[in-house]
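Survey of secondary and tertiary structure
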Amino acid sequence: MPPLMSPAPNRLRCAEPALHAAYGPRRWRRHLPPLDELILTVLSQHTSDANTARAFQSLRARFPTWEAVRSAPTTEVADAIRSGGLADLKAPRIQAILDSVLEERGTLDVDHLAGLPLDEARRWLVTLNGVGPKTAACVLLFSLGKPALPVDTHVHRVAKRLGLIGPEVSADQAHAVLEAALGGDRDRVYAFHVNMIAHGRALCTARRPFCERCPLTGCCEYYAEHATARSGAGAASGSAPSGGGGNDPLPGAPRANGKQRPPVTPRDHGRAARRLGRAPGAVRGGAVGS
Ligand code: SF4
């Protein structure tokens, strides 16, 4: 597939209902006000949802207003968000964003974005210091209900394995490619985002994909390629080939004790799904870009 070509519609049509069936339908709900969402998203970079929530609550408890955060000594802001990790990096980034908003708007709110078309709102957000496509998409989708797709590390990895984007497509490029394919439907974009993250955490993990329990095998380019490789290698050598992730078990491979692996169950993704439900804003996987 050429790098920036839209995903094959039939692959997306196959994957979406399979994701819904495995992880449940998702309905968009409003999260935080836009500026809160923006700061929360910065805090979520390279950390878990639980640590993000803790750091955000601590920041809000320590400083009553965003102006208080902006004008505080950076070390105090860093202390307040220490539980979220990378505090010495995130504190100046948050203050730089608040400085930019104040300079651009004359006030510390970005509520005007609600009235702008999606592309215009995105363009405005990415002009802020330290705001990239993923952070902008989080604000646009979660807070403003616009059909912007945040592409985090899970969405990016799973989309590549499924063949929804080409292997060379970066996370930043994937925003436009996948959004175009999802057709500007906020609820569809939201469900796709949340379910792709759930799937990336539960089964299609970075370390190895658990294809043998995956309900998306019929939609998946990675699975098709490795299943083909398996039958070829197996015929040639009679040995068990690798599944593409180091010592990955093969898609559909039996366990070492000879028994077949069980199909996907709610417990496979229950932990991830519970985390999704508890997150203060919504799911954010490990950061890809900003
Ligand atoms: S079949 Fe394997 S690679 Fe494809 S989505 Fe499922 S777990 Fe990921």
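Basis of the calculations
- Per chain, residue numbering runs from 1 following the sequence as it is written.
- Local features are withheld for residues below a pLDDT of 70 in this predicted model, meaning they are given only at 70 or higher, and side-chain atom pairs are given and counted only at 80 or more; totals for whole chains, interfaces and linings count all residues.
- Known as pLDDT, the predictor's confidence for each residue is given on a scale from 0 to 100.
- Two residues qualify as being in contact provided that their C-beta atoms, derived from the backbone, are within 7 Å of each other.
- Segments assigned H or I by DSSP are reported as helices when at least four residues long, segments assigned E as strands when at least two residues long, and all are numbered from the N terminus.
- Near residues are defined by distance alone, with the backbone-placed C-beta atom required to lie within 6 Å of the molecule or strand.
- Only Asp, Glu, Lys and Arg are considered charged in this grouping, and only Ala, Val, Leu, Ile, Met, Phe, Trp, Tyr, Cys and Pro are considered nonpolar; every other residue, Gly among them, is considered polar.
- Helix axes use the C-alpha atoms of the stretch in contact, all axes being lines fitted to C-alpha atoms, and the angles between their N-to-C directions lie in the range 0 to 180 degrees.
- Angles below 35 degrees are treated as roughly parallel, those above 145 as roughly antiparallel, those between 65 and 115 as roughly perpendicular, and all remaining angles as oblique.
- To define a nonpolar core, we join buried Ala, Val, Leu, Ile, Met, Phe, Trp, Tyr and Cys residues through C-beta atoms within 7 Å and take the resulting set.
- Exposure classes come from backbone-placed C-beta atoms, where a residue is buried if 20 or more other C-beta atoms lie within 10 Å of its own, exposed if 12 or fewer do, and partly exposed in between.
- By the definition used in this description, the sense in which the near helix is turned from the far one sets the handedness, with an anticlockwise turn below a right angle giving left-handed and a clockwise turn giving right-handed.
- As used here, the arc belongs to the directions running from the helix axis to the C-beta atoms.

1. Notes on the confidence of the model for the chain
Overall, the predicted model of the chain reaches an average pLDDT of 82, with 75% of residues at or above 70. Of the regions scoring below 50 in pLDDT, residues 234–289 engages in 107 contacts with residues more than four places distant in sequence or in other chains.

2. Comments concerning the environment of Ala-22
Looking at the element boundaries, Ala-22 is found in helix H1 (residues 9–23). Separated by 193 residues in sequence, Ala-22 and Pro-215 have C-alpha atoms that sit 7.2 Å apart.

3. Here we look at the site of the ligand
Near the ligand, the surroundings consist of 14 residues, among which Cys-204, Pro-209, Cys-211, Cys-214 and Cys-220 are the closest. When residues of the shell around the ligand are traced back to their parent elements, those giving at least two are helix H9 (153–162) and helix H12 (221–237). Considering each element in turn, the shell around the ligand owes the most residues, three residues, to H9. Here the residues of the shell around the ligand are counted per class, giving twelve nonpolar, one polar and one charged.

4. What about the packing of H9 against helix H11 (residues 186–202)?
Contact pair H9 / H11: the axes reach a minimum separation of 8 Å and the direction vectors enclose 80°. Taken together, the axes of H9 and H11 are roughly perpendicular relative to one another. Contact residues: H9 offers His-154, Val-155, Arg-157, Val-158 and Ala-159, while H11 offers His-193, Met-196, Ile-197, His-199, Gly-200 and Arg-201. By residue class, the composition of the contact of H9 with H11 is five nonpolar, four polar and two charged.

5. Comments concerning the nonpolar core
Counting 72 residues, the largest nonpolar core has Ala-159 and Leu-178 as its most contacted members. Ranked by residues supplied to this core, first place goes to H11 with nine residues. Among residues more than four places away in sequence, those in contact with Leu-178 are Leu-149, Val-151, Ala-159, Leu-164 and Ile-165.

6. Quick look at the packing of helix H2 (residues 34–44) against helix H3 (residues 49–62)
Axis separation between H2 and H3 bottoms out at 9 Å; the angle between their running directions is 130°. Overall, the two elements H2 and H3 adopt an arrangement that is oblique. When the axes of H2 and H3 are compared, the crossing they make is right-handed. Residues Leu-40, Leu-43 and Ser-44 of H2 touch H3, and the partners they reach there are Thr-52, Ala-55 and Phe-56. Here the residues of the contact of H2 with H3 sort into four nonpolar, two polar and no charged.

7. Let's talk about helix H7 (residues 118–126)
What H7 keeps buried is the set Ala-121, Arg-122 and Leu-125. For H7, the angular spread of buried residues about the axis comes to 100°, placing them on one side. Exposed residues on H7 whose side chains face more than 90 degrees from its buried face are Asp-119, Glu-120 and Arg-123. Its buried side turned inward, H7 meets helix H8 (133–143).

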